[in-house]
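# An overview of the molecular structure
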Amino acid sequence: MDAIEQYVAEHGSRHERELAEWVAVPSVSATGEGMAAAADHARELLVRSGLAPRVVETGGWPLVTGHAEGPAGSPHVVIYGHYDVQPAGPLEEWHSPPFEATIRDGRMYGRGTGDNKGQHLAQLLAVRALRDCHGELPCSVTVLLDGEEEIGSPNLTATLTGLRDELDADVAVWSDGPVNAAFEPTVSLGVRGVVSFEITVRGARSPLHSGNWGNVAPNPAWELVWLLSTMKGPDGRILIDGYDTGTVPLTAAERAALEALPVDAEQLLAGVGLDRLDHADGSVNERLAMPTLSINSLTCLDNNEHRTVIPAVAVARCDMRLACGQRTSTVVEAVRAHVARHLPQAEVQFKALMEPSRTLPDAPYAEAVLKAVGDNALFEPAMGGSLPIAGLTEGLGLPCYGIPLANVDERNHAPNENFELRRFHDGIVTAARVLLGIGRAG
Ligand SMILES: [Zn+2]
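A quick note: this is a predicted structure, and the numbers were derived from the prediction, not measured. Starting afresh in each chain, residues are numbered from 1 along the sequence in its written order. The predicted origin of the model limits local features to residues at a pLDDT of at least 70 and limits the giving and counting of side-chain atom pairs to 80 or more, whereas totals for whole chains, interfaces and linings rest on all residues. Hydrogens and waters are ignored; side-chain quantities use all the structure's heavy atoms.

With that settled, consider the nonpolar core. As used here, the term nonpolar core means buried Ala, Val, Leu, Ile, Met, Phe, Trp, Tyr and Cys residues forming a set that is joined through side-chain atoms within 4.5 Å. Exposure is judged per residue with a 1.4 Å probe applied to protein chains only, and the accessible area is read against the type maximum: over 50% gives exposed, under 20% gives buried, and values in between give partly exposed. Core analysis: the biggest nonpolar cluster contains 61 residues, and Y401 and F424 have the highest contact counts within it. In terms of nonpolar packing, the next biggest core, distinct from the first, is built from 26 residues, V195, L228, A316 and V332 among them.

What follows concerns the side chain of E148. Strands here are runs of E lasting at least two residues and helices are runs of H or I lasting at least four, both read from the DSSP assignment and numbered beginning at the N terminus. Within the secondary structure, E148 sits in the loop between strand 6 (140-146) and helix 5 (156-162). Within polar-contact distance, the side chain of E148 engages the backbone nitrogen of W61 at 3.0 Å. Contacts are assigned to residue pairs that have any heavy atoms within 4.5 Å of one another. With residues near it in sequence (within four places) discarded, E148 still touches T58, G60, W61, D84, S153, P154 and N155. By the criterion applied in these results, polar contacts are pairs of N or O atoms within 3.5 Å in which, for protein atoms, one can donate a hydrogen and the other can accept it, and in which residues neighboring in sequence qualify only through two side-chain atoms.

Moving on: the pairing of strand 14 (residues 313-322). With eight of ten residues buried, strand 14 lies mostly within the body of the structure. Bridge count for strand 10 (residues 193-202) against strand 14 is ten bridges, and the pairing is antiparallel. Bridge pairing in strand 14 links T200 to V315. The pairing of strand 12 (residues 292-299) with strand 14 spans seven bridges and is antiparallel. Each residue of the ladder has a partner; that of I295, found in strand 14, is C318. By this definition, two strands are paired if DSSP reports at least two bridges between them.

So, on to empty space enclosed by the protein. The way it works is a 1 Å grid over only the protein atoms, where trapped points that fit a 1.4 Å probe form a cavity and open points with protein on both sides within 12 Å along at least five of seven lines form a pocket, and then any residue with an atom within 4 Å of a point lines it. Grid points are joined across faces, edges and corners, and a volume is the space filled by probe spheres set on the points. Summed over the entire model, instances satisfying the criterion amount to two cavities of 30 Å³ or more. When residues in the lining of the largest cavity are grouped by element, the largest group, five residues, is from helix 14 (residues 421-441). Partitioning the lining of the largest cavity into residue classes produces eight nonpolar, four polar and no charged. Contributing to the lining of the second largest cavity are T58, W61, P62, L63, D146, G147, E148, S153, N155, L156 and T159. Just so you know the grouping, Ala, Val, Leu, Ile, Met, Phe, Trp, Tyr, Cys and Pro go in nonpolar, Asp, Glu, Lys and Arg go in charged, and all remaining residues, Gly too, go in polar. Of the residues that constitute the lining of the second largest cavity, the class distribution is four nonpolar, five polar and two charged.

Taken together, D115 (OD), E150 (OE), E150 (OE) and H413 (NE2) make up the protein donors of the zinc ion, found 2.0 to 2.6 Å from the metal. Here a donor is an N, O or S atom found within 2.8 Å of the metal, or within 3.2 Å if the metal is Na, K or Ca; sites may look incomplete because water is not among the atoms. For the zinc ion, the donor residues sit on a single chain with the sequence spacing D-x34-E-x262-H. Of this pair, D115 sits in helix 4 (residues 113-134) while H413 sits in the loop between strand 18 (400-402) and strand 19 (418-420), and the two are 298 residues apart along the sequence.

Residues apart from glycine generally show negative phi values, whereas peptide bonds are mostly found in trans. Cis geometry is adopted by the peptide bond preceding N116, which originates at D115 and carries an omega value of 10 degrees. By the secondary structure assignment, N116 is in helix 4. P185 follows E184 through a cis peptide bond whose omega is 0 degrees. For N416, which is not glycine, the phi torsion reads 65 degrees and is therefore positive. Following the sequence through the fold, N416 ends up in the loop between strand 18 and strand 19. Overall, the relative accessible area of 8% leaves N416 in the buried class.

With that settled, consider the sheet that holds strand 5 (residues 107-109). If you trace the three strands from one edge of the open sheet to the other, you get 4-5-19, paired in antiparallel fashion. Single-partner strands in this sheet number two, and they are strand 4 (102-104) and strand 19. Taking each pair of neighbouring strands and ignoring which way they run, the sheet shows an average axis angle of 25 degrees. Relative to strand 19, strand 5 runs antiparallel, the two being bridged by three bridges. In the strand pairing of strand 19, R107 is matched with E420. Lines fitted to C-alpha atoms define the axes here, with helix axes fitted over just the stretch in contact, and angles between the N-to-C directions of these axes take values from 0 to 180 degrees.

Our next topic: the domain arrangement of the chain. The domain boundaries here were taken from an automatic or database domain assignment. With domains assigned, the chain is organised as domain 1 (3-191 + 356-441) and domain 2 (193-247 + 291-354). The C-alpha-based centres of domain 1 and domain 2 are spaced at 35 Å. Residue-level contacts link eleven residues of domain 1 with eleven residues of domain 2. Here the quantity called buried area is the accessible surface, traced with a 1.4 Å probe, that two parts lose on coming together, added over both. Interface of domain 1 and domain 2: buried area, both sides summed, is about 790 Å²; carbon and sulfur atoms make up 59% of it. Considering only the side of domain 1, the residues that lose the most area to domain 2 are G152, P356 and S386, jointly responsible for 62% of the buried surface there. We define a salt bridge as a contact between a side-chain nitrogen of Lys or Arg and a carboxyl oxygen of Asp or Glu at a distance within 4 Å. Our count for the contact surface shared by domain 1 and domain 2 stands at one salt bridge. Here R327 ties to E394 by a salt bridge, and the two come within 3.1 Å at their closest N and O atoms. Along the contact surface separating domain 1 from domain 2 lie three residue pairs in polar contact (both at pLDDT 80 or more).

So, about the layout of surface pockets. Of the pockets and cavities examined, the second largest pocket occupies roughly 340 Å³. What lines the second largest pocket is a set of 17 residues, and nearest its centre among them are E184, P185, V373, D426 and T430. At the level of elements, helix 12 (366-373) and helix 14 are the ones that each hand at least two residues to the lining of the second largest pocket. Top element by residues in the lining of the second largest pocket is helix 14. It accounts for seven residues. Partitioned by chemical class, the residues of the lining of the second largest pocket number eight nonpolar, three polar and six charged.

As structure tokens, then:
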């Protein structure tokens, strides 16, 4: 057992207490609940890890940063995390209060345990452990704690661009999301982007009797369904002109990394009660790296019971995940133009927008991070989900590596969010090894 492992074992209960205290500070960016106290607490956590803190105004919720210098000439690492959380959701589905951390069966339950307080706290505790065990850090560190990740980080890229001089770093790392379901440990080299939107089609002022009005009054639900069927075919192909402008093919090294990632499709599907794959081409890992269009929900606003009516309004909530090279602005325009051509009376409202991000497997520090995470670790070219990492890769020009620490069933965004405590403690050791690995490679 090395010094860091021993330190983490000895300080286990203190680290759990600090996580519980952090979870007990609500920080719901969508509603503002607790955000001011949360920024203060984030600042305090940075101080406890020996980082000089700063609360940076963004025009929205502040970005809380902390910096510590490493030895002269050592690399400068940016650690990205977010201190805001999703709203608690339906309280009756929580087995313990969302903002009261509770330990059951080796897991800590509470909103933000996995997404993302437990994960960035593991990184902060790694900084503290390195300082306490070795007397100094292996590299310079700047921690960025975003207060707006759960609302799409609308101000992050502009804020980071404004901090360009002090963020003149060499590499960035983040820990968020669950580990890969089929293989761990993995290092994520990128994330897909996202564009989410809502299409509304209106009919009469109020629902109409389908016998008295059928064939006479247009049905907004049918119009919406016909529109959606022009957007994606039964073969899984997206039919929106120009949505994929800019998409770049995987490099040979990315393709090799993708193919090396094991996946058991049958087991994966069975785990969520499925016996068939979606109507698209390619292996599971290829599908997760490609653009996708999902209908998230379809409603007529008054469909709680079956009444024989023509609804007054039909709404589809959708999202597209963007592959490397796609731009949110191009996708927004392509969707807008498609809807205008096929159903001009439909209204489209765009919500979350995040650019995709990509770091190549042979970028600086890639091998060092991979080795630090584990001898058998593999690269994942792009995580299926979305994070505002483009602010680091495009905004600051840094190679960026994701090291997810949470259990697959962390239930992030859902009731009973949880983080396996053994993963929290191991995550501190992993985060310390990553900083040591980067320091050695510098
Ligand atoms: Zn989240």
